[in-house]
Each structure stands twice: as structure tokens, then as C-alpha cells.
Amino acid sequence: MGYIEVEEGISLYYEEFGTGDNYILSAQMGFYKKGMQQRMAELGYHVFCMTIRGFSPSSSVSTDYGEHWYDVFAEDVVRFADAMQIDTFTYMGASHGAGIGWHLMLLHPERVKAFVAVVGGPHSLDAGRMSYRQMLEQGIIKEIPPFNPPIDNDPERETRRRIRAEHIASLPPAPEGERHIDYGRPLMRLGSEEALIEALKGIETPVLMLGGIEDPISTPELMLRSAKAVPHCKLVLYANCGHDIDTDLIEETTFEADRFLKNVALNGKCYEKVIE
């Protein structure tokens, strides 16, 4: 763990897992200690998890980047890679972390070998621009729909979910400055749902999308829309799963990610090599 200065006065906190030159970079508000990233390191990947600017323990910010928050986050990922002398890498992110990945695809496709987008949408621009966390903070909505459906006949999975919930409940309150950040939704600067879809059609990087059928945030309809647009994409959806699939079904999601990345490394595609 440590800090990397990505801009004068702005440092990102990061944690490192694994070794070698098969790099995975991930950027989010924070990371659960038993998530996909840590498990991918156990499978042989060299993983860096960075906390995005504005969120502790990374540097706080007073600037409102408007519709360019995700552009800034994406540039920070590249600056981090430059500082660590990482030329190309896989990017992995969940929810808003996946939103950063969509911006990387458009801004720096030459740096990203593959993209693992977990519950990654992206949101329809026709449905609004404000982030769910800020709508909740401002009282626009009273609560976010339940992220996950009840678990069907799997006590081990129920235990895992309870442990994670207890961990989240034990975290200290967010600093005041964080509570007012509204990074909005990915690709807002494109202006419309039609423009967003056209942008997705231009992504040549292989993409794996993972999601839950009962996710109220990154709905299966949104992910199917994205999978139809992205030329080199694999979409995997799980029934009886919601928004926290990356910590709920870690074994399953890392299996899919590992298989996908091995196929990309072998033949540059999201599926296994065809031998006729």
C-alpha cells in the first residue's frame, strides 16, 4: 500500500496484490477486503486497487469537475500506470468503477488490453445525470432499491453477505467533503442515449460484462443494450443475483474473468480459440 501523486497536490492511495507483469488496475471509492481483485491476485495477476480522488484516504478535492468527473478518474488511472511504469494493462471495475473503465475505452484504448466490467451499465443518459448516492444524500430519493435479492437456499453465501454487511456497518462515517461530491453518471458529456450507444460501438477492446438479473442499478436491460453495441463483448448474467455480485459470487466471477483474460491473451478475442 502507498500513495502515488498523479497531479500536483493530488495523491491516490493504492493497495497492491500479487506480482509479475500481468497487470490489472482498478479504481473505485473503496474496496472490500475480500473481493474480485484480491482473488484475481491469487490466480496469478498483479493487481493495483486505487481509491479515486476526492475519497479518503486519497486526496480530497474542492473542484467540481461537472460532466467530466469520470474523465478525470480515467486520466488518474493512466497517470498511475505511468508512475508505476506500466505500459498496458487490464482494467477491472464494479459499478462506478466500471464507469471509469468505459471512459478509459474512449480516452486511452491503446493502454487497455481488456476490460472487465462488473455491473457496469453504463446508465442510460435519458434517465438522468445525478449519481444515486447523491440523490440519496440530497433527499431526492428516500432509499435506493435493494441491491440484492434474498438468497435462495445457499447458507454459505448468506454468511458471506452477512459478514460483508457487518464490515460496511463498522466503517466510520465519510468525511463531510466526500458527502457532497456528485460525480454523476458515466459518459454524461456525450449528451444523449443515442450518442452513448454510438460511442460504445466504436470500442475495439475486448470486454467482459458480469451482472445480476435482479440488479436495480445496472439492470440486465442496460447491460444487454451495451453488449449489443460493443463489438467484442461477452455478457454473463446470473439469476438470483444483484448489484454486489463481485463480492457475493467471488469464485464464479473470478473464474469467468480469468477465462476471459486467458482467451484475450491467447487470441485477442473474448472467446476460446476456434479449432476446426
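Refer to the structure printed above.
This structure is a prediction, so every number in the text was calculated from the model and none was measured.

Okay, the nonpolar core next. Counting residues in each nonpolar core, the largest one holds 48 residues, and the members touching the most others are Leu25, Val77, Phe89, Tyr91, Ile100, Trp102 and Leu104. Counting residues per element, this core draws most heavily on helix α2 (residues 69–83), which supplies nine residues. Excluding anything up to four places from it in sequence, tyrosine 91 contacts Leu25, Ser26, Ala27, Val77, Gly97, Ile100, Gly101, Leu104, Val112, Ala114, Phe115 and Val116. In this structure, Ile24, Val119, Cys241 and Leu261 belong to the second largest nonpolar core, which totals 25 residues.

In this section: the packing of aromatic side chains. We describe a pair of aromatic rings using the distance from one ring centre to the other and the angle between the two ring planes. A full pass over the atoms with the stated rule returns 13 aromatic pairs. Where tyrosine 70 meets phenylalanine 73, the ring centres are 5.9 Å apart and the plane angle is 80°; that geometry is what we call edge-to-face. Within this pair, tyrosine 70 and its partner phenylalanine 73 are both found in helix α2, separated by three residues, close to a single helical turn. Each of the two residues, tyrosine 70 as well as phenylalanine 73, counts as buried.

The next subject is the sheet that holds strand β5 (residues 89–94). Reading across from one edge, β1-β2-β4-β3-β5-β6-β7-β8 is the order of the eight strands in this open sheet, with mixed pairing throughout. The open sheet has two edge strands, β1 (2–7) and β8 (233–238), and neither has a second partner. Neighbour-to-neighbour, the strand axes of the sheet open up by a mean angle of 25°, direction not taken into account. The pairing of β5 with strand β6 (residues 112–118) spans six bridges and is parallel. Its bridge partner being in β6, glycine 93 is matched across the sheet by alanine 117. Along the sheet, helix α3 (residues 96–107) makes contact with β3 (23–28), β5, β6 and β7 (207–212), crossing β5 at roughly 140°. With respect to the sheet, helix α10 (residues 250–267) is in contact with β3, β5, β6, β7 and β8, its orientation differing from that of β6 by roughly 160°.

As a further point, take the pattern of salt bridges. One pass over the structure, following the stated rule, counts 16 salt bridges. Taking the shortest distance from any N to any O, the salt bridge between glutamate 7 and arginine 53 comes out at 3.0 Å. Of the two residues, glutamate 7 is situated in strand β1 and arginine 53 in the loop between β4 (46–51) and α2; the sequence distance between them amounts to 46 residues. Look at glutamate 7 and you get partly exposed, because its relative accessible area is 34%. Given a relative accessible area of 1%, arginine 53 falls into the buried group. In this structure, aspartate 248 engages arginine 157 in a salt bridge whose closest nitrogen and oxygen atoms are separated by 3.1 Å. Here aspartate 248 is found in helix α9 (residues 245–248), whereas its partner arginine 157 is found in helix α5 (residues 155–170), with 91 residues between them in sequence. Residue classification places arginine 157 among the buried residues on the basis of a relative accessible area of 8%. Taken together, the salt bridges that share partners define one network made up of Glu7, Arg53, Asp76 and Arg79.

A few words now on the packing of helix α7 (residues 193–201) against helix α8 (residues 220–229). Two elements in contact, α7 and α8, have axes whose closest approach is 8 Å; the angle formed by their N-to-C orientations is 50°. Relative to α8, the element α7 is oriented oblique. Taken together, the residues of α8 that come into contact with α7 (itself represented by Glu193, Leu196, Ile197, Leu200 and Lys201) are Arg225, Ser226 and Ala229. A class-by-class count of the residues in the contact of α7 with α8 yields four nonpolar, one polar and three charged.

Within this structure, the stated rule accounts for zero disulfides. Just so you know, cysteine 233 is unpaired, no disulfide at all, and the nearest cysteine sulfur is the one on cysteine 270, 6.8 Å from it. Given the relative accessible area of 9%, cysteine 270 is considered buried.

Procedures and definitions
- Residues numbered from 1 in each chain as written.
- Predicted model: local features only at pLDDT ≥ 70, side-chain atom pairs only at ≥ 80, totals over all residues.
- Heavy atoms only, no water.
- Core = buried A, V, L, I, M, F, W, Y, C linked by side-chain atoms within 4.5 Å.
- Buried < 20%, exposed > 50% of the residue type's maximum accessible area, 1.4 Å probe, protein only.
- Helix = DSSP H or I, 4+ residues; strand = E, 2+ residues; numbered from the N terminus.
- Contact = heavy atoms within 4.5 Å.
- Phe/Tyr/Trp six-rings, centres within 6.5 Å; stacked < 30°, edge-to-face > 60°.
- Pairing = 2+ DSSP bridges.
- Axes fitted to C-alpha atoms, helices over the stretch in contact; angles between N-to-C directions.
- Salt bridge = Lys/Arg side-chain N within 4 Å of Asp/Glu carboxyl O.
- Parallel < 35°, antiparallel > 145°, perpendicular 65-115°, else oblique.
- Nonpolar A, V, L, I, M, F, W, Y, C, P; charged D, E, K, R; others polar.
- Disulfide = S-S within 2.5 Å.

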